[in-house]
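Here is how the chains run, residue by residue.
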Amino acid sequence: MMENINRCTPYDEVPYESHPFPQSHPERLATIGRLFGMSPEPVTQCRVLELGCASGGNLIPMAYNLPQSEFIGVDLSKRHVEKGQEGICDLGLRNIRIENASIMDVDESWGTFDYIICHGVYSWVGNEVQEKILSISSENLAPNGIAYVSYNTFPGWHMRGMIRHMMLYHALQFKDTSTRIRQARALIDFLEQSVPADRPTGMLLKDEIKLIRGSRDEYLFHEHMEEFNSPVYFHQFVERAEKHSMQYLGEAEFSRMMTSGFPQEVSETLNRISRDIIRIEQYMDFIRNRLFRQTLLCHKEQHLERNLAKLEVQD
């Protein structure tokens, strides 16, 4: 493992709240894997890696409830890591450690993991780190392992990205971070008051602005004002994963994979357009104007049994 490093990050200046994400829990990942014919490692005795674990708000509860499993987190923010290590010490946990290291530092010496989690990182880093995330998800993943990667998606992020660019244009003329955040909020207030609501674009813009206005300062800063925020179309993400010998397993939000959630005519049309799961998922994103995905990947050698149609009939 890497020794502690001394790199100042935006998360050291503006810490991000760290809390559990049930969608990334190994038990959920294992359940979805079993539904599609996989035999993932039992979560009661497994090895888990989280990339960009912040202060361990997601990983520490897992370690507490699964004492026979091993958990390793990596985060670049020294401030986050120190807080996480304090929590681990206070709880007396011996099956978890959080490393102050870069994702780029993870290599074969870290070993293999049954479950790899990367929540809220992929879209907010440059292309080199994105490729490394997928590389780790392949090279450090056990043969029956499952990787979880969340990311922002088009087409939904086209409108939200437009607002991000507006805030950046206005706020970057100020040097102080707190002033930038304050000025970004001032701009969205101005936009909400000024954009005509009787036009389709204005209505969409106002809806997005209302969501952003209610967000915490740290969320506003890291979600909308960081250097990187690079959404992709779902099919593009899958294509990138396939270059690393990975295949699409499913979504952590399993119900979102079902076409039965649409009106019957829409569902029938989706199933008629294509039987390819990647295309169907992409068309559903078009219809939903989807903003965010929590995608599960596995090795391409895994033979998956796609039984969604059967499950939808039972549903």
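You'll find the structure just up there.
Predicted, not measured: the structure shown is a model, and the values here were computed from it. (Residues numbered from 1 in each chain as written. Predicted model: local features only at pLDDT ≥ 70, side-chain atom pairs only at ≥ 80, totals over all residues. Heavy atoms only, no water.)

(A) How the structure looks around the sheet that holds strand β6 (residues 246–251). Spatially, β3-β2-β1-β4-β5-β7-β6 is the arrangement adopted by the seven strands of the open sheet, whose pairing is mixed. Each edge of the open sheet carries a strand with a single partner, namely β3 (96–100) and β6. Strand-to-strand twist across the sheet, computed as the mean angle between neighbouring axes with direction ignored, equals 20°. Where strand β5 (residues 141–152) and strand β7 (residues 292–299) come together, six bridges link them in antiparallel fashion. Residue pairing across strands places Val-149 opposite Thr-295, the latter belonging to β7. Each of β1 (47–51), β4 (113–118), β5, β6 and β7 is contacted by helix α2 (residues 26–35), which is oriented at about 110° to β5, the strand it contacts most. (Pairing = 2+ DSSP bridges. Helix = DSSP H or I, 4+ residues; strand = E, 2+ residues; numbered from the N terminus. Axes fitted to C-alpha atoms, helices over the stretch in contact; angles between N-to-C directions. Contact = heavy atoms within 4.5 Å.)

(B) The arrangement of the pairing of β1 in detail. Here β1 lies mainly inside the structure; five of its five residues are buried. Across the two faces of β1 the burial is the same, with Arg-47, Leu-49 and Leu-51 and Val-48 and Glu-50 all buried. (Buried < 20%, exposed > 50% of the residue type's maximum accessible area, 1.4 Å probe, protein only.)

(C) Region of the structure containing the layout of surface pockets. Estimated volume of the largest pocket: approximately 1,100 Å³. Taken together, 44 residues line the largest pocket, and the ones lying closest to its centre are Tyr-11, His-119, Gly-120, Val-121 and Trp-124. The set of elements that each furnish at least two residues to the lining of the largest pocket consists of α1 (10–13), β2 (70–75), α6 (157–171), α9 (217–224) and β7. Broken down by element, the residue count for the lining of the largest pocket peaks at three residues, all from α9. Per-class residue counts for the lining of the largest pocket are 20 nonpolar, 15 polar and nine charged. (1 Å grid on protein atoms, 1.4 Å probe; cavity = no way out; pocket = protein on both sides within 12 Å on 5 of 7 lines; lining within 4 Å. Points joined across faces, edges and corners; volume = space filled by probe spheres on them. Nonpolar A, V, L, I, M, F, W, Y, C, P; charged D, E, K, R; others polar.)

(D) A look at the packing of α6 against helix α7 (residues 177–194). Here α6 crosses α7 at 125°, and the two axes come no closer than 9 Å. By the angle class used here, α6 and α7 are oblique. The handedness of the crossing between α6 and α7 comes out as right-handed. Side by side, α6 and α7 meet where Ile-163, Met-166, Met-167, His-170 and Ala-171 of the first sit next to Arg-180, Gln-183, Ala-184, Leu-187, Ile-188 and Leu-191 of the second. (Parallel < 35°, antiparallel > 145°, perpendicular 65-115°, else oblique. Left-handed = near helix turned anticlockwise from the far one by under 90°.)

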